[in-house]
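# Topology and contacts: notes
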Amino acid sequence: MAVADMRIKRAEQDIENLRATQTALMDRVDSFSDTLEETRDIAAENRTRLDRVEVRLDRVEARLDRVEELCLENRAILLAIADHLDLTYEKPS
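Procedures and definitions
- Residues numbered from 1 in each chain as written.
- Predicted model: local features only at pLDDT ≥ 70, side-chain atom pairs only at ≥ 80, totals over all residues.
- Heavy atoms only, no water.
- Patch = residues over 30% accessible without salt bridge, like charges linked within 9 Å, V, L, I, M, F, W, Y side chains within 5 Å.
- Areas by Shrake-Rupley, 256 points an atom, 1.4 Å probe, with all protein chains shown as cover.
- Salt bridge = Lys/Arg side-chain N within 4 Å of Asp/Glu carboxyl O.
- Lys, Arg positive; Asp, Glu negative; His and termini not counted.
- Charge placed at Lys NZ, Arg CZ, Asp CG, Glu CD.
- Helix = DSSP H or I, 4+ residues; strand = E, 2+ residues; numbered from the N terminus.
- Buried < 20%, exposed > 50% of the residue type's maximum accessible area, 1.4 Å probe, protein only.

### Examining a positive patch on the surface
A contiguous patch of positive charge, built from Arg49, Arg52, Arg56, Arg59 and Arg63, is present on the exposed surface. Secondary-structure assignment places Arg56 in helix H1 (residues 3–84). Of the residues examined, Arg56 reaches a relative accessible area of 57% and is grouped as exposed.

Below, the structure is given as structure tokens:
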């Protein structure tokens, strides 16, 4: 085999190795791309869920605020009744 033929054969092998490496790299890039897309979709779903949880928490907080207002109103009414009846109110220890 001539030296030129050996060089051509070696160059062809190098080209095939480069193609195989390129294919492997593109497969990895595609895999990373798929993973990133899935992660983005999951993050979007989680954002939607968090938004719903925040809405519920806002509702619960509003209800708790209303309960606190009612408790303060009831306390004021009970203290007024106790004062009217000349009852002494002692805070529990």
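### Remarks on a negative patch on the surface
A cluster of acidic residues, Asp27, Asp30, Asp34, Glu37 and Glu38, forms a negative patch at the surface. Following the sequence through the fold, Asp30 ends up in helix H1. Taking relative accessible area as the criterion, Asp30 reaches 43% and is therefore assigned partly exposed.

### Digging into the environment of Met1
Mapped onto the elements of the fold, Met1 is located in the segment before H1. Overall, the relative accessible area of 76% leaves Met1 in the exposed class. Counting along the chain gives 61 residues from Met1 to Ala62, while the straight-line C-alpha distance between them is 89 Å.

### Notes on the pattern of salt bridges
Taken as a whole and assessed by the stated rule, the structure comprises 6 salt bridges. For the salt bridge of Glu16 with Arg19, the shortest nitrogen-to-oxygen distance reads 3.0 Å. With Glu16 and Arg19 both in helix H1, this residue pair falls 3 residues apart, about one helical turn. The class of Glu16 is partly exposed, set by a relative accessible area of 45%.

### Regarding a nonpolar patch on the surface
Residues Ile77, Leu78, Ile81, Leu85 and Leu87 make up a contiguous nonpolar surface patch of roughly 500 Å² in combined accessible area. Mapped onto the fold, Ile81 is located in helix H1. Judged by relative accessible area, which is 43%, Ile81 ranks as partly exposed.

### Remarks on the environment of Ile15
Inspection of the secondary structure assignment puts Ile15 in helix H1. Measuring from C-alpha to C-alpha, the distance between Ile15 and Asp58 comes to 63 Å, with 43 residues separating the pair along the chain.

### Quick word on unusual backbone geometry
Backbone geometry places Asp86, a non-glycine residue, at a positive phi of 55°. With respect to the secondary-structure elements, Asp86 resides in the segment after H1.

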